[in-house]
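So the chains spell out like this:
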Amino acid sequence: MASTIPDPHQGTRGAPEEPRPSKRAARVEAHGIDPIPEGERRGHPRELFSVWAAANVNYLSLVVGGALILMGLTLWQALAALVVGNLFWVLTGFLAVSGPAAGAPSEVITRAMYGIRGNRVNNAVVGWMISVCYFALNLSAAAVAAFSLVEKTGIEASTGVKVAVIVVIAALTLTVSVFGHAMIMKLYLPITLVLAAVFAVVAVGVIGHADFSYVPAEPLTGIDLWATALAGVTLIAAGPLSYTTSADFSRYLPRTTSKKAIVGWTALGGFLPSTIVCSLGLLAATAVDMTDPQTALEQVLPDWFTPFFLLALILGTISINALTAYSAGLALQAVGLRIRRSFSVIIDGVAAVCLTLYGLLVSNFLDTVSNVLQLTVILLGPSTAVYATDILLRRNRYDGLALSDETPGGPYWFSAGVNSAGALALTAGTAAAALCVNTLYTGPIADALGGVDLALPVGMVVASSVYALLARRAIGAAHSA
């Protein structure tokens, strides 16, 4: 492990008084993937609302909303797809209940599903590699907005200026991630309020120009309509499904915290702002060309407001990337690197900055990454399903100290360090989803169905069913013991 396991009784009788929230936020978080002692548990589940809200009031939500219209859906069809896709935030909230139960992050809790060694592979791919790619994509979006802002001041956005802008945005993001959990909890409520105020002005401009009777020139019908609608749901659902790490931000809550409150505040914090901001994107697409969202939106906003809008886009991206970098740092530790969490976060940032610089200044690499990330739902859907099924089977009973035992023969070593139930379930779910996908390539099942992409529901159902079948008896025996 990256740090020593604290005494589980630390922070109770005879322990030093816990510092005030303002002092905690000013310190670099000491904990990494080690369990949080009961004496250091604090907070209220309603604080989770602002964490997820700040991460979802951002530029990419506008882009994704506009994409639903560009795909050929009518306004009301796009709204329906948007709502259904965002309902997956309930799953994000459900996964978050495991945090207070174990006092550990998701990157450690998933050892119960995959074993110590199997989980290292899981964290390397799902926890780190995909997170860094998302970091780079979000950073590139913020950089484009920042380039425009720089040019409005009369400064030419030369290559040197662009590099400096990207590094500054990344540095601000990583500062929040390095200070960690307490800083996130302190900053994200005011960030949410600022972003809500800015996007309220955006809403006025967009709604004033929107065509509420919008219908594309050639409306989709039959199988084409179903295929496009399901693709739209999958596109929206990819957002909440990418946060299988929601326990990272709930693990400091007391063990006795209401599970319903954790699910509710997390889900609402993701669902409400994502639905609103994506709706603004699709409403804007009924009036302007959202193939170039930033330029298009400036057409419906007052000239004086454009700099504030661009700053809000940058701030929103910093918010979402700070969460991404924080979890990616924990994933690096869970992979087995013996480094401090703060240093692992810096490694994430350096990797993401390199990807962003290469993509924006050298080639169309980020376009390629963006296309590849459309396929991540093939893996993220089954991964989420296995995690949720494990919570149900174990009745959310996790032992943080036992999960921290990485020794052969430990409670989560299983066979040669791999839990075959989790490995087989994830493999089966991913394989089934790959047969049903219709994005960069068309799977045989999608082809037989006329292009209808059922990768998301099929992958999740198969993964959950296989895991429940293989793991139920072993989990039941463990709890009986």
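The rules behind the values
- Residue numbers restart at each chain and count upward from 1, following the sequence in its written direction.
- At least 70 in pLDDT is required for a residue's local features to be given in this predicted model, at least 80 for side-chain atom pairs to be given and counted, and no such filter applies to totals for whole chains, interfaces and linings, which use all residues.
- Side-chain metrics in this entry use all non-hydrogen atoms of the structure; hydrogen atoms and water are not considered.
- Helix and strand definitions here come from DSSP, where helices need a minimum of 4 consecutive H or I residues and strands a minimum of 2 consecutive E residues; each element is numbered from the N-terminal end.
- Atoms counted for the radius of gyration: C-alpha only. Globule rule: 2.2 Å times residue count to the power 0.38.
- Buried residues are those whose accessible area, probed at 1.4 Å on protein chains only, stays under 20% of the maximum for their type, while exposed residues exceed 50% and partly exposed ones sit between those limits.
- Salt-bridge detection follows one rule: a side-chain nitrogen of Lys or Arg within 4 Å of a carboxyl oxygen of Asp or Glu.
- Fitted lines through C-alpha atoms give the axes, limited to the stretch in contact for helices. The angle between two N-to-C directions lies from 0 to 180 degrees.
- Orientation categories follow fixed angle ranges, with anything under 35 degrees roughly parallel, anything over 145 roughly antiparallel, 65 to 115 roughly perpendicular, and all other angles oblique.
- Handedness of each helix crossing follows the sense of rotation of the near helix against the far helix: counterclockwise by less than a right angle gives left-handed, clockwise gives right-handed.
- Note on contacts: a residue pair is in contact if any heavy atoms of the two residues lie within 4.5 Å.
- Classification used: nonpolar for Ala, Val, Leu, Ile, Met, Phe, Trp, Tyr, Cys and Pro, charged for Asp, Glu, Lys and Arg, polar for all others including Gly.
- Pairing of aromatic side chains requires ring centres within 6.5 Å, counting the rings of Phe and Tyr and the six-membered ring of Trp. Pairs whose planes differ by under 30 degrees are stacked, by over 60 edge-to-face, and all others tilted.
- Think of it as a cone above the ring: NZ of Lys or CZ of Arg counts as a charge over the ring if it is within 6 Å of the ring centre and within 35 degrees of the ring normal.
- Here a polar contact means two N or O atoms within 3.5 Å. Within protein one must be a hydrogen donor candidate and the other an acceptor candidate, and residues neighboring in sequence count only if both atoms are side-chain atoms.
- As a per-residue measure, pLDDT tells how confident the predictor is, with possible values from 0 to 100.
- In this scheme, patches are assembled from residues that exceed 30% relative accessible area and form no salt bridge. Like charges are connected within 9 Å, while nonpolar side chains (Val, Leu, Ile, Met, Phe, Trp, Tyr) are connected within 5 Å.
- Each accessible area is a Shrake-Rupley result for a 1.4 Å probe, and residues are judged covered by the shown protein chains and nothing else.
- To estimate the expected span of a helix, subtract one from its residue number and multiply by 1.5 Å.
- We define a nonpolar core as any set of buried Ala, Val, Leu, Ile, Met, Phe, Trp, Tyr and Cys residues linked to one another through side-chain atoms lying within 4.5 Å.

### Focus: the overall build of the protein chain
Looking only at helices and strands, the protein chain has 22 helices and zero strands in total. Relative to the compact-globule value of 23 Å for 481 residues, the protein chain shows a C-alpha radius of gyration of 22 Å, a close match. If one aligns the C-alpha atoms of the protein chain with their principal axes, the spans along those axes are about 65 × 55 × 40 Å. Within the span of the protein chain, comprising 481 residues, buried residues form 56% of the whole.

### Concerning the pattern of salt bridges
Per the counting criterion, the structure on display carries eight salt bridges. For arginine 41, the salt bridge goes to glutamate 38, with nearest N and O atoms at 3.7 Å. A relative accessible area of 10% places arginine 41 in the buried class.

### Some words on the packing of helix 11 (residues 181-209) against helix 13 (residues 259-285)
Orientation of helix 11 relative to helix 13, taken along the N-to-C sense of each, is 30 degrees, at an axis distance of 9 Å. Considering the angle they form, helix 11 stands roughly parallel to helix 13. For the crossing formed where helix 11 meets helix 13, the hand is left-handed. In contact with Phe199, Val202, Ala203, Val206 and Ile207 of helix 11, helix 13 contributes Val277, Leu280, Leu283 and Ala284. Along the lines of polarity and charge, the residues of the contact of helix 11 with helix 13 split into nine nonpolar, no polar and no charged.

### Here we look at the packing of helix 5 (residues 89-96) against helix 13
It is the contact of helix 5 with helix 13, at a shortest axis distance of 7 Å, that shows an interaxial angle of 150 degrees. With respect to helix 13, the element helix 5 is oriented roughly antiparallel. Crossing angle aside, the handedness with which helix 5 passes helix 13 is right-handed. Here Trp89, Val90, Thr92, Gly93, Phe94 and Ala96 of helix 5 come into contact with helix 13, specifically with Ile262, Val263, Thr266, Ala267, Gly270, Phe271 and Ser274. Looking at the contact of helix 5 with helix 13, its residues break down into eight nonpolar, five polar and no charged.

### Re the environment of aspartate 248
Among the structural elements, aspartate 248 can be located in the loop between helix 12 (222-241) and helix 13. Distance in space between the C-alpha atoms of aspartate 248 and histidine 181 is 8.6 Å, their sequence separation being 67 residues. Apart from residues no more than four positions distant in its own chain, aspartate 248 is found in contact with Pro105, Ser106, Glu107, His181, Tyr326, Ser327 and Leu330.

### Concerning the packing of aromatic side chains
Going through the model one piece at a time under the given rule, you end up with ten aromatic pairs. In this structure, lysine 162 packs its charged tip against the face of phenylalanine 147, placed 5.4 Å from the ring centre.

### Some words on the environment of threonine 324
Inspection of the secondary structure puts threonine 324 in helix 15 (residues 306-335). Between the C-alpha atoms of threonine 324 and isoleucine 314, which are ten residues apart in sequence, the distance is 15 Å. If near-sequence neighbours (up to four positions away) are discounted, threonine 324 is found in contact with Ser131 and Phe135. Of note is the side chain of threonine 324, whose polar atom sits 3.0 Å from the backbone oxygen of isoleucine 320.

### Topic: the side chain of asparagine 119
Mapped onto the fold, asparagine 119 is located in helix 9 (residues 116-152). On the basis of relative accessibility, which here comes to 0%, the residue asparagine 119 falls in the buried class. At a separation of 2.7 Å, a polar atom in the side chain of asparagine 119 contacts the side chain of threonine 110. Here asparagine 119 is in contact with Glu107, Thr110, Arg111 and Tyr114, once residues within four sequence places are set aside.

### A word on the confidence of the model for the protein chain
Across the protein chain, the average pLDDT comes to 88, with 91% of residues at 70 or higher. The model gives residues 1-17 a pLDDT under 50, and that stretch makes 27 contacts with residues more than four places away or in other chains.

### Here's the deal with the side chain of arginine 394
Relative to the assigned elements, arginine 394 resides in helix 18 (residues 377-394). A distance of 2.8 Å separates polar atoms of two side chains, one belonging to arginine 394 and the other to aspartate 390.

### Details of a nonpolar patch on the surface
A cluster of nonpolar side chains, Trp265, Leu268, Leu272 and Ile276, forms an exposed patch at the surface whose accessible area comes to about 330 Å². Among the secondary structure elements, leucine 268 is positioned in helix 13.

### Digging into the environment of alanine 331
With respect to the helices and strands, the residue alanine 331 is situated in helix 15. The buried category is assigned to alanine 331, whose relative accessible area is 0%. For the pair formed by alanine 331 and arginine 120, sequence separation is 211 residues and the distance between their alpha carbons is 8.4 Å.

### Concerning helix 20 (residues 420-436)
Taking 1.5 Å per residue, 17 residues should reach 24 Å; helix 20 reaches 24 Å between its end C-alpha atoms and fits that length. The backbone nitrogen of alanine 421 lies 3.1 Å from a side-chain oxygen of the residue at the head of helix 20, namely asparagine 419.

### Side note on the nonpolar core
If you look at the biggest cluster of nonpolar residues, it comprises 125 residues, and the most contacted ones within it are Ile109, Met113, Phe199, Leu282, Phe309, Tyr398 and Tyr467. Top element by residues in this core is helix 9. It accounts for 15 residues. Aside from chain neighbours lying at most four places away, what touches leucine 282 is Gly65, Gly66, Leu68, Ile69, Leu75, Ala78, Leu79 and Leu82. Residues Ile378, Ala433, Val437 and Ala455 belong to the second largest nonpolar core, which totals five residues.

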